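Commentary on secondary and tertiary structure
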Amino acid sequence: MADRASLSVRGLVIAPGASPMTQTIAPGEIVGLAGLDGHGQERFLKVLAGLERPAGGEVTVEAPTGARAITNFRKAVAGGIAYLPRDRRTTGIFPTQSVLDNFAVSTLSRDMRFGLLSFAARRQRYESYRDRLSIIAPRPDAPITTLSGGNQQKVLLARALALEPAILLLNDPTRGVDVATRHVLYDVFRGLAADGMALVILSSEIEEILLLCHRVLVFREQQVAAEITGDAMKSDTVIAAMFGRAA
Amino acid sequence: MSRNWFQSTNARVAGAFAVAVALHVLGTLLIPGYSQPFAIRALLVIASLLAVASIGQTLVVILGGIDLSIPFIIGFANVVAAQLYGDGWNFVFVCAAVVALAILIGALNGLISRGLDIHPLIVTLGTGMIVQGAVLLWTGGFPSGSAPAAVSAFVSIGGSVGPLPVPGLVPCVAVLTLLVALVLARTPYGRRLYALGSNPGAAPLALIDPVRMWTVTYAASAFFAAAAGVLLLGFTGSAYGDVGQPYLFQTIAAVVVGGAALVGGRGSYFGTIAGVLVLTEINTLLIGLGFRPSTVQAALGLVIVLLVSLYGRERHVSATI
Amino acid sequence: MSGLRRMAARWRGAGFAAVLLAILIAVNLLLNPARFHPAAWGALIGLAAPLIGAAVASAPVILAGRGGIDISVGPLMGFVNAMVIQVLFLRLGMSSPLFIVPAALLIGAIVGAANGFLATIVRIQPIVATLGTYLILTGMTLTILPAPIGPAPGWLKAMAGPWSALPLALIFLFWWLVRQTPYYDQLMAVGSDDRAAYTAGVPVTKVRFIAYVMTGILAACAGLMLTALIGSADPNIGPSYTLIAIAAVALGGVSLAGGRGGLAGAAIGAVDIFLLQSVLTAFNVSTYVLQIAYGAILVVAVIMTALQERLSGRKG
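A few points on the structure. (Residues numbered from 1 in each chain as written. Chains lettered and ligands numbered in written order. Predicted model: local features only at pLDDT ≥ 70, side-chain atom pairs only at ≥ 80, totals over all residues.)

Structural notes on the interface of chain A and chain B
Our working rule: By the convention adopted here, residues make contact when the C-beta atoms placed from their backbones lie within 7 Å. Only DSSP runs of H or I reaching four residues or more are called helices, and only runs of E reaching two or more are called strands; each is numbered from the N terminus. In the scheme used here, Gly and all other residues not listed as nonpolar or charged are polar, with Ala, Val, Leu, Ile, Met, Phe, Trp, Tyr, Cys and Pro taken as nonpolar and Asp, Glu, Lys and Arg as charged.
Each partner contributes to the interface: chain A provides 19 residues, whereas chain B provides 16 residues. Among the elements of the structure, helix 2 (73-78), helix 3 (88-91) and strand 8 (116-117) of chain A are those that each provide at least two residues to the side of chain A that touches chain B. Classifying every residue of the side of chain A that touches chain B by side-chain character gives eleven nonpolar, seven polar and one charged.

Printed below as a string of structure tokens:
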């Protein structure tokens, strides 16, 4: 794993007119993003990943080696951020390509030996993630579309982890994933946090956030309506914040 | 089971090679002298020329594009190389100039198509027409000049290299085939090419820069088209602006007969080579049987449709939901 | 200027092509008043008719989306041209329009149905399927008609001048009628998103198949207009219309991705190309410059259209 780093958000405005937010997401922390669809939590996550430009403020990765401003996706990745997209089919998998290809596509340079890609190196890298995420793929050189949705998602997570990020941004990672796989993923996320990774998880399921996260940011009308931690993390508190009511 | 087998890429390539071999056996049975050394040499040289011209089409088709400017670039390289060489230029400089211009045109094709999201069919057709017009204007429609003897010997049907009874072109294309296959399978460029063609929406998140990939790939396509144009100059002996025209549909046909899908993400250069052999065999066979070129053309159309309906079918819309 | 703007607004689909049309008409009127005198319009329409026909014919399959394209339109025009003169008129001695016109349209419908069968039922990629028919039709045309031959029946030759407006008017009447039917909405729905259309119960395959048949019939019309214009049969002219027709369609704001544009846009694109040719001829430039200008206008036009869409998309 790369060095630990924290994600720092200063005066960030994600939509004109919304109030600015300031947050620090520390190594080892799991932060949940909740809110009704379209209230800014997804936009916030994409701004963190450098995929969308904010209306104001800045996002920086603060590592022991120095701070780095995140203004686009490439800078985000170079700064140690990995992003797992929401829609597997349109922005995740490469359907004609094998499981191995799908796993390695973001990190091709790590398999280079004597100027060419080494399939042995690639396979070795894949196998370590396969064991860690318990990916069930009978033949890693078969097209990724032969896998179940949950296993496709695990391959995409392996692709993101292969970047060895310090900060992992997950956009609804358990959408369309079976219950057994969900619990595997939860364990993986907890393990990563325990190793010092900072995780930001957007989820449409409140239970999932309450189960996993140390703190939750509830979005309403393009700004953080509530920040809930500790004993206050209960589903009625979160739902009340989502709908803009006092709990 | 058999359906799955037909759908795997390797099976398509093997199938296309089998068709080529079957056609050759048929030709040998039907036409005396079909497998004579000279006939085979001619077949290999013609196939090699098409193979060079089809490299670029293979790459852009894997990317999910198409390149209609190939025949025009071939004609451009053919005429300009002859003209400049005739004007007394050193042939190395001639090639450098032709290749540099071709790469520039190709890069523009890719840049405009991807950068502005315009269908490459229209962009490459437009640039192709501009290039053809410019060449005609420059030569006044009557190109002159010829290729240096070395180029002619390199592609001559009667030529030989060392112990091999074929001209230098044939082994060079064989090596080139391995190189292209190696680049596609074992370099980051090759893997990104397939990924981008497979799902353009997911590519940027996998750190693939679509505009850059398209620019580079169309530049490569133009480079190989220019190379084919110079080789054709050696083959025919004199410059001819329309020399590339048959290659417009032949390169596309070779790529699809070889099992690539025009929607991107699939295909291989071995497949294209198989397609090239099938097309060359059909052509030679039918002309050898005494059919007129018009009939040969019609038969070619029929064979393309038959082969592609055998293994190049798309999925029904209900299967894509 | 406001008039121009209103005109551009009316043909929003054609966008840049409509503006270009206005400019080209103005330039042509200035450069060559005699050629563009109202009295000469009939002859001009006759000259432009085959290209307009070819562009209009190419449009339905492109509108149907998912890579829909018919590159056999040009060869089909040539095939109809050869069949009408060489087979129907000279060999069978049939000269009545009551026989020739339905026969030509039937040929178009059959070829269109064959393309539709290959592209929608066998599901070969449309460009490959119609490349196959392109080669087959070109070969068959050259087989029945190795060299140009004439003449055409008198009534058909008479369609070359002002009367060429009649088939064009009929085509647009036909398309206007199509637009009144639910089929038109289904076609545009399939073209813009076939999955959504399929989920909504639109018979995607049938809709696309019909688009190919329409393209075939319209291409046969264009073939008749070509026959009227050249007054003979020539095996080499037809195929040259294919790419220029697709260029005209793209110029006319019909998206090659499907679901956007219409036959009017395609026709405007074709008229643009025709007028451009006139301007350049008026300047007495060589056909080589003409070729460069074709390509340049095509590239510039699609770039302008793309930029315009981006700007308007950002505003909206």
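Topic: the interface of chain C and chain B
Frequently, the measure chosen for interface size is the accessible area removed from exposure when the parts meet. Across the boundary between the two partners, chain C contributes 42 residues, which contact 45 residues of chain B. With 14 residues, the top contributor of residues to the side of chain C that touches chain B is helix 6 (residues 126-144) of chain C. Partitioning the side of chain C that touches chain B into residue classes produces 28 nonpolar, eleven polar and three charged.

Quick word on the environment of Phe117 of chain C
Residue and element names in this part refer to chain C. Stated precisely, the cut-off is as follows: We call a residue exposed when 12 or fewer other C-beta atoms sit within 10 Å of its C-beta, buried when the count reaches 20 or more, and partly exposed for counts in between; the C-beta positions come from the backbone.
Counting through the fold element by element, Phe117 comes out in helix 5 (residues 97-121). Judged by the 15 C-beta atoms lying within 10 Å of it, Phe117 is partly exposed. Phe117 sits 96 residues away from Val213 along the chain, and the two C-alpha atoms are 9.6 Å apart.

Observations regarding the packing of helix 8 (residues 169-186) of chain B against helix 12 (residues 269-288) of chain B
Residues and elements named next belong to chain B. Stated formally: Only the stretch in contact is used when a helix axis is fitted, and all axes are lines through C-alpha atoms; the angle between N-to-C directions ranges over 0 to 180 degrees.
At their nearest, the axes of helix 8 and helix 12 sit 9 Å apart, and the two run at 145 degrees to each other. Counting all contacts with helix 8, which are made through Thr177, Val180, Ala181 and Leu184, the residues of helix 12 involved are Tyr269, Phe270 and Ile273. Broken down by class, the residue content of the contact of helix 8 with helix 12 amounts to six nonpolar, one polar and no charged.

What about the arrangement of the chains?
Among the two pairs of chains in contact, the pair with the most contacts is chains B and C. Separated in space, chain A and chain C share no contact, their closest pair of C-alpha atoms being 14 Å apart.

Description of the sheet that holds strand 4 (residues 56-63) of chain A
Residue and element names in this part refer to chain A. What counts, and what does not: Two strands pair if DSSP finds at least two bridges between them.
In spatial order, the strands read 2-1-4-5; together these four strands make up an open sheet with antiparallel pairing. The sheet is open, and its two borders are formed by strand 2 (21-25) and strand 5 (66-69), each paired with just one other strand. The mean angle between the axes of side-by-side strands here comes to 15 degrees, regardless of whether they run parallel or antiparallel. For strand 1 (residues 6-13) and strand 2, the ladder comprises four bridges, and the chain directions are antiparallel. Along strand 2, the bridge assignment pairs Ser8 with Thr24.

Considering the environment of Leu231 of chain B
All names here are of chain B. Counting through the fold element by element, Leu231 comes out in helix 10 (residues 210-236). Residue classification places Leu231 among the buried residues on the basis of 26 C-beta atoms within 10 Å. For the pair formed by Leu231 and Leu169, sequence separation is 62 residues and the distance between their alpha carbons is 8.8 Å. Excluding its chain neighbours within four sequence positions, the residues that come into contact with Leu231 are Leu49, Val52, Val155 and Leu169.

Quick look at the sheet that holds strand 12 (residues 223-229) of chain A
Strands belonging to one sheet form pairs held by backbone hydrogen bonds; the direction of such a pair is parallel or antiparallel. All names here are of chain A. The strand order across the open sheet built from six strands is 6-9-10-3-11-12, with neighbouring strands paired in mixed fashion. Each edge of the sheet is formed by a strand with only one pairing partner; in this case those strands are strand 6 (81-84) and strand 12. Each strand of the sheet is rotated relative to its neighbour by a mean of 20 degrees, with strand direction disregarded. Looking at chain direction, strand 9 (residues 167-171) and strand 10 (residues 198-202) are connected through five bridges and run parallel. Residue pairing across strands places Leu170 opposite Ile201, the latter belonging to strand 10. Helix-sheet contacts for helix 6 (residues 149-161) involve strand 6 and strand 9, and the interaxial angle to strand 6 is about 165 degrees. Where helix 9 (residues 235-242) meets the sheet, its contacts fall on strand 3 (30-35), strand 11 (215-220) and strand 12, and the angle it forms with strand 11 comes to roughly 25 degrees.

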